[in-house]
Structures are given as C-alpha cells and as structure tokens.
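Remarks on the overall topology
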Amino acid sequence: MRYKFLPSFVKRRGRITQSQEDNLKLLPNFLIESYEDICREKTNFSKLILEIGFGNGENIISLAQDNPDTLFIGSEVYLAGIGYLIGEIQDLGLVNIRINTGDIRLLIEQILLSPLRQI
Ligand SMILES: C[S@@+](CC[C@H](N)C(=O)[O-])C[C@H]1O[C@@H](n2cnc3c(N)ncnc32)[C@H](O)[C@@H]1O
C-alpha cells in the first residue's frame with residue numbers, strides 16, 4: 001500500500017492513563033477536521049495559531065492562557081497527549097483551543113487547495 005506522505009510519526013497509542021482515556025470521550029467538542037471547521041471556529045477570535053505536534057500540550061496551554069483573543073489549533077496524533085490536553089482545557093476553563101488528531105499534512109493540504117485560502 002502506498003501512502004500519501006512519508007511517515008512522520010510511529011505510533012498513536014502508547015501508554016495512556018484512565019483519565020486520559022476518559023478525557024478522549026470529550027474530543028468531539030474540540031475537534032477540527034476540515035478547512036470549514038477552522039473558518040467556523042475562527043469567527044470569534046482575532047488571530048489563529050496552529051501548533052503542529054503539541055506533545056502533552058504544555059506550550060499550547062500556556063499560549064492560550066496568555067492570548068485569549070487568539071484561537072489555537074493544536075495538532076497531535078499521540079492519544080495520551082490529546083487526552084492530557086483535553087483534561088487541562090477542562091480544568092483551566094480554556095475556550096480558545098481546538099484539536100486536530102489526524103496527520104496535519106492532510107489539513108494543510110485542504111487549506112492550500114481551498115479557493116479562499118484566507119483564514
Ligand atoms: C518532537 S514532538 C514535539 C512535542 C511538543 N511540541 C513539545 O515541545 O512538547 C513532535 C510531535 O509531533 C507529532 N507529529 C509528528 N508527525 C505529525 C503529523 N504528521 N501530524 C500531526 N502530529 C505529528 C508527534 O506525535 C510528536 O508528539
């Protein structure tokens with residue numbers, strides 16, 4: 001089978017705690033899957049920042065706290081990190097973080113191919 005891109009990550013699952021697993025059930029509330037999702041979510045914010053590979057989310061959490069007028073889209077494939085970030089979003093009451101869980105290159109391609117290309 002041929003893949004669209006060269007591999008840039010090895011595994012998605014790894015070690016995951018029960019609370020991270022529980023947090024992942026809330027993922028649909030934060031999910032960004034398309035260019036249209038980005039346009040819709042961006043309307044209430046003045047700026048948009050994409051962090052590719054947020055790991056456990058320390059950086060994106062800190063930036064989101066300091067910049068409430070900016071929408072942050074965090075991209076990560078590592079499920080434990082995604083679960084951890086969702087827990088922090090909940091605990092800290094952050095409203096300016098959304099999450100993309102796929103290979104970010106697919107979303108970037110959508111943005112580049114979009115007729116508007118302006119977010
Ligand atoms: C070196 S780590 C960066 C971690 C984080 N930025 C930090 O400083 O703690 C790179 C991260 O990018 C993620 N990653 C790699 N390829 C990716 C892709 N194509 N799409 C989305 N995330 C990807 C990996 O899962 C990994 O967690």
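Refer to the preceding data block for the structure.
Residues numbered from 1 in each chain as written. Predicted model: local features only at pLDDT ≥ 70, side-chain atom pairs only at ≥ 80, totals over all residues. Heavy atoms only, no water.

1. Considering helix α4 (residues 79-92)
- The end-to-end C-alpha separation of α4 is 20 Å, in line with the 20 Å expected for 14 residues at 1.5 Å each.
- The set of residues buried in α4 consists of L79, A80, G81, I82, G83, L85, I86, G87 and I89.
- Tucked into the core, α4 has its buried residues touching α1 (18-24), α3 (58-66) and β3 (97-100).
- Positive backbone phi, approximately 65°, marks G93, located one or two places after α4. (Helix = DSSP H or I, 4+ residues; strand = E, 2+ residues; numbered from the N terminus. Expected span 1.5 Å × (residues − 1). Buried < 20%, exposed > 50% of the residue type's maximum accessible area, 1.4 Å probe, protein only. Contact = heavy atoms within 4.5 Å.)

2. Remarks on the environment of E36
- Summarising the element assignment, E36 is placed in helix α2 (residues 35-42).
- Exposure remark for E36: the relative accessible area of 52% places this residue in the exposed category.
- When the C-alpha positions of E36 and D22 are compared, they lie 28 Å apart, and in sequence the two are 14 residues distant.

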